[in-house]
Amino acid sequence: MFCLDKMLFLQTLSIFVLCFCACRATQSKGVVSLDSLTFDKVLSKFKVSIVKFDVSYPYGEKHEEFVKLGSAYQSVEDLLVAEVPVKDYGDKDNEDLAIRYGVSKKDYPVVKLFVNGQSEPYVYNDEDFNQEKLQKFVVKHSKEILYIGLPGTLEKFDGLASEFAREKSVDKRKEILLRAEKLWDISEGKQKQKSAEMYVKSMRKALEKGDEFFQTETIRINNVLKGSMTQEKKADLSVRLNILESFKLQHDEL
């Protein structure tokens, strides 16, 4: 009887372990797990790497948001989304990596962005730990080495937005606007046409109202998003914010 009970217990435990591992594999889809032996070797292959240092078996909303980031960037070849599971018991796997990068258990999860050419990684310090904010963090610090657009943004228009934001001459800004309008005319696809229009209208408004338009419009849209609306309307406003970010990020550098 005792042997039978023990056998049932072991079978139940095995099923639990298998289910738990399967669940973890699903949760971490799109995120590469690194350890002390693979960390440097793997990161050296990518221009940009965003890495989450966390407990051995992470769970919860923050982990889920990071996994969403991995799914969002799965097609970006030169960008790595990875995690380092750190154990504070037994063999203390990867604790050396945590010490190396000044990561403390009390701060988990800790996200760092490694960019080729930068001696130190950037640290994600935003209290809001979500996919959208993580994406903006990646875009802000990697744009000089790798184009990674926010949802709804367009690479060529982001380049024009950068030129526009840096330029002080009104006449030259009008020339950039003209180039954007011509590019809008030849844009193909409903969503691209819609996004292109937003870039052009943002430039027109900035010429009319000055650079403060970017900040006031961002505040206005964020306030609107707090209200009730359809998912389609919410997605549309989110794209507008992302396009405004294409201008705002440049101003943050000045």
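Since the model is a prediction, treat every value here as computed from it, not as a measurement. (Residues numbered from 1 in each chain as written. Predicted model: local features only at pLDDT ≥ 70, side-chain atom pairs only at ≥ 80, totals over all residues. Heavy atoms only, no water.)

Residues spaced three or four apart along an α-helix point in a common direction, a consequence of the helix completing one turn every 3.6 residues. Helix length check: helix α5 (residues 131-142) (twelve residues) gives 16 Å between terminal C-alpha atoms against 16 Å at 1.5 Å per residue, within 8%. Structurally, the start of α5 carries an N-cap: the backbone nitrogen of Glu-132 is 3.2 Å from a side-chain oxygen of Asn-130. (Helix = DSSP H or I, 4+ residues; strand = E, 2+ residues; numbered from the N terminus. Expected span 1.5 Å × (residues − 1). Polar contact = N/O pair within 3.5 Å; in protein donor to acceptor, adjacent residues only side chain to side chain.)

Before going further, it helps to examine the packing of helix α6 (residues 155-166) against helix α7 (residues 170-185). Packing of α6 against α7 leaves a shortest axis separation of 9 Å and a crossing angle of 170 degrees. When the axis of α6 is compared with that of α7, the two are roughly antiparallel. Contact residues: α6 offers Lys-156, Phe-157, Leu-160, Glu-163, Phe-164 and Ala-165, while α7 offers Arg-173, Ile-176, Arg-179, Ala-180, Leu-183 and Trp-184. In terms of residue class, the contact of α6 with α7 is built from eight nonpolar, no polar and four charged. (Axes fitted to C-alpha atoms, helices over the stretch in contact; angles between N-to-C directions. Parallel < 35°, antiparallel > 145°, perpendicular 65-115°, else oblique. Contact = heavy atoms within 4.5 Å. Nonpolar A, V, L, I, M, F, W, Y, C, P; charged D, E, K, R; others polar.)

Within this model, the largest pocket holds a volume of roughly 620 Å³. Along the wall of the largest pocket there are 24 residues; nearest its centre are Asp-126, Asn-130, Glu-132, Lys-133 and Lys-136. When residues in the lining of the largest pocket are grouped by element, the largest group, eight residues, is from helix α10 (residues 231-251). For the lining of the largest pocket, the per-class residue count stands at seven nonpolar, seven polar and ten charged. Counting only domains with at least three residues in the lining of the largest pocket, you end up with domain 1 (32-143) and domain 2 (155-246). Space inside the second largest pocket adds up to approximately 310 Å³. (1 Å grid on protein atoms, 1.4 Å probe; cavity = no way out; pocket = protein on both sides within 12 Å on 5 of 7 lines; lining within 4 Å. Points joined across faces, edges and corners; volume = space filled by probe spheres on them. Domains from an automatic or database assignment.)

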